[in-house]
Amino acid sequence: MIVKPRIRGFICTTAHPTGCEANVRNQIDYVQQAGAISQGQVKNVLVLGCSGGYGLASRIVAAFGCGANTLGVSFEKLPGQKKTATAGWYNNIAFEAAADDAGLYAKTLDGDAFSDEMRAQVIDTIRADMGKIDLVVYSLASPVRQHPHTGHLHRSSIKPLGQALHIKSVNVDKGEVIEVDLEGATEQETADTVAVMGGEDWEFWMDALLQADVLAQGCQTVAYTYIGTKLTWPIYWEGTLGQAKLDLDRASKAIDHKLRALQGTARVAVLKAIVSQASSAIPVVPLYVALLFKVMKELGNHEDIISHIHRLFATQLASGSALRLDEDGRIRMDNIELAEEVQAEVQRRWPLVNTDNLDQLGDLAGYQEDFLKIFGFGFADVDYDAEVDPTLGRLV
Ligand code: NAD
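Residues numbered from 1 in each chain as written. Predicted model: local features only at pLDDT ≥ 70, side-chain atom pairs only at ≥ 80, totals over all residues. Heavy atoms only, no water.

Colleague: Could you give an account of the packing of aromatic side chains, naming the residues involved and the relevant values?
Modeller: For the structure on display, the rule yields seven aromatic pairs. The aromatic ring of tryptophan 205 is capped on one face by arginine 119, whose charged end is 5.3 Å from the ring centroid. (Phe/Tyr/Trp six-rings, centres within 6.5 Å; stacked < 30°, edge-to-face > 60°. Lys NZ or Arg CZ within 6 Å of the ring centre and 35° of its normal.)

See the structure below:
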């Protein structure tokens, strides 16, 4: 089949097998060119949410920067003869093949990371293949979570708390700056969002791994968060997602306490805004990201997903790192995004930006390019007119 992007709102329903492989390969190349990171505590790594965005980049840096064995978990849709799989399915295959070529152990388990069954499968795999884990990366981003104890299906909402919000945003497809009205969340919607994107599942994972005695002495775990600035606070940090992320902070402290028996640590890392499947679903954020990218590129301090995560591992997770923590004990990787020179300029442009000047003030083209790359489109060395087998010759 010939695979072209099919975009529906903020998702692309097709993914290009060869393009996804190119995406993984390019990230591996970046890490290999950046040079080895002192292996230290990063030898056997579990990545929850390994198939895209920050989780995939973390797995690539762990493997190709630190030489680590990696076990990944993600939730994918399988391909058919005339239907492509999710991008993550191709990314996982490309990653495993590259790790294999490099002589690194890599296994991926496809299924619901919120379930106790997946926890049991992961523990069995660690025992059989890896021994003990010394880094757990928690990078799940999902709109729903079936609670493993109650069976209840929680759905997250991306809304402000209480009061409705009238705010600037962008229609990415049309390149139009628009104003949107967002209803305030109910208490139930907020609680559901905390149930999906908060810290309970991370705690369940670490409890299960501790109980199974599959964590090494000095084990670290890190979960990712976003805080941002006053431009995005109304929809993010001060909204339902912010409540979930505050719960992640709570969980971090609880897990850290439990890991002390192993001289281990749990931390939340505050990362930079990038384009991912998860972030493109958040209103306002694409406009902010378009302005941010333009300003950071002009200032020469822009980081993409892989360079950002490489810096996280090299400067904060490698052994002996001097940690850059805030007063709540979070690792701050958003220091460049939040630098005065960056924010002053993004905030100056925010009230000025409109559909006519979006290209001058913002980098919507860069946003769209990064968005398509998530699905394997837009790589110069891929022939998009060539026939490809969406199943990659596998029985599915
Ligand atoms: P993403 O959408 O690119 O990746 C999410 C991953 O979670 C995928 O591998 C997906 O398969 C997996 N997943 C989702 N539901 C699952 C389930 N039920 N079982 C197993 N796997 C499942 O997301 P992302 O943007 O990389 O986000 C990862 C984390 O980073 C989130 O906590 C997010 O808040 C945080 N973060 C993102 C940004 C950003 O700008 N994108 C910025 C800072 C922090």
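So, next bit.
Colleague: Break down the pattern of salt bridges for me, citing the residues and quoting the values.
Modeller: Under the counting rule described, the total for this entry stands at 23 salt bridges. For arginine 250, the salt bridge identified is with glutamate 203, shortest N-O distance 2.8 Å. Taken together, the residues span a long stretch of sequence, with arginine 250 in helix H7 (residues 240-259) and glutamate 203 in helix H6 (residues 200-211) at a distance of 47 residues. Looking at arginine 250, the relative accessible area reads 39%, which means it is partly exposed. Between lysine 297 and aspartate 363 there is a salt bridge whose closest N-O contact spans 2.7 Å. Of this pair, lysine 297 sits in helix H8 (residues 285-299) while aspartate 363 sits in the loop between helix H11 (358-361) and helix H12 (364-374), and the two are 66 residues apart along the sequence. Several salt bridges share partner residues, and in doing so they unite Asp249, Asp326, Asp328, Arg330, Arg332 and Asp334 into one network. (Salt bridge = Lys/Arg side-chain N within 4 Å of Asp/Glu carboxyl O. Helix = DSSP H or I, 4+ residues; strand = E, 2+ residues; numbered from the N terminus. Buried < 20%, exposed > 50% of the residue type's maximum accessible area, 1.4 Å probe, protein only.)

Colleague: Give a description of unusual backbone geometry that names residues and reports values.
Modeller: Peptide bonds are trans in most cases, and residues, glycine excluded, mostly fall at negative phi. Despite not being glycine, aspartate 213 has its phi angle at roughly 60°, a positive value. As for its placement among the helices and strands, aspartate 213 is situated in the loop between H6 and strand E11 (215-225). Take aspartate 213: its relative accessible area is 48%, and that puts it in the partly exposed class. Phi at leucine 392 takes a positive value of approximately 55°, unusual for a residue other than glycine. Within the element layout of this structure, leucine 392 appears in the segment after H12. The class for leucine 392 is partly exposed, based on a relative accessible area of 39%.

It is worth stressing that arrangement in space is one thing and function is another; only the former is reported here.
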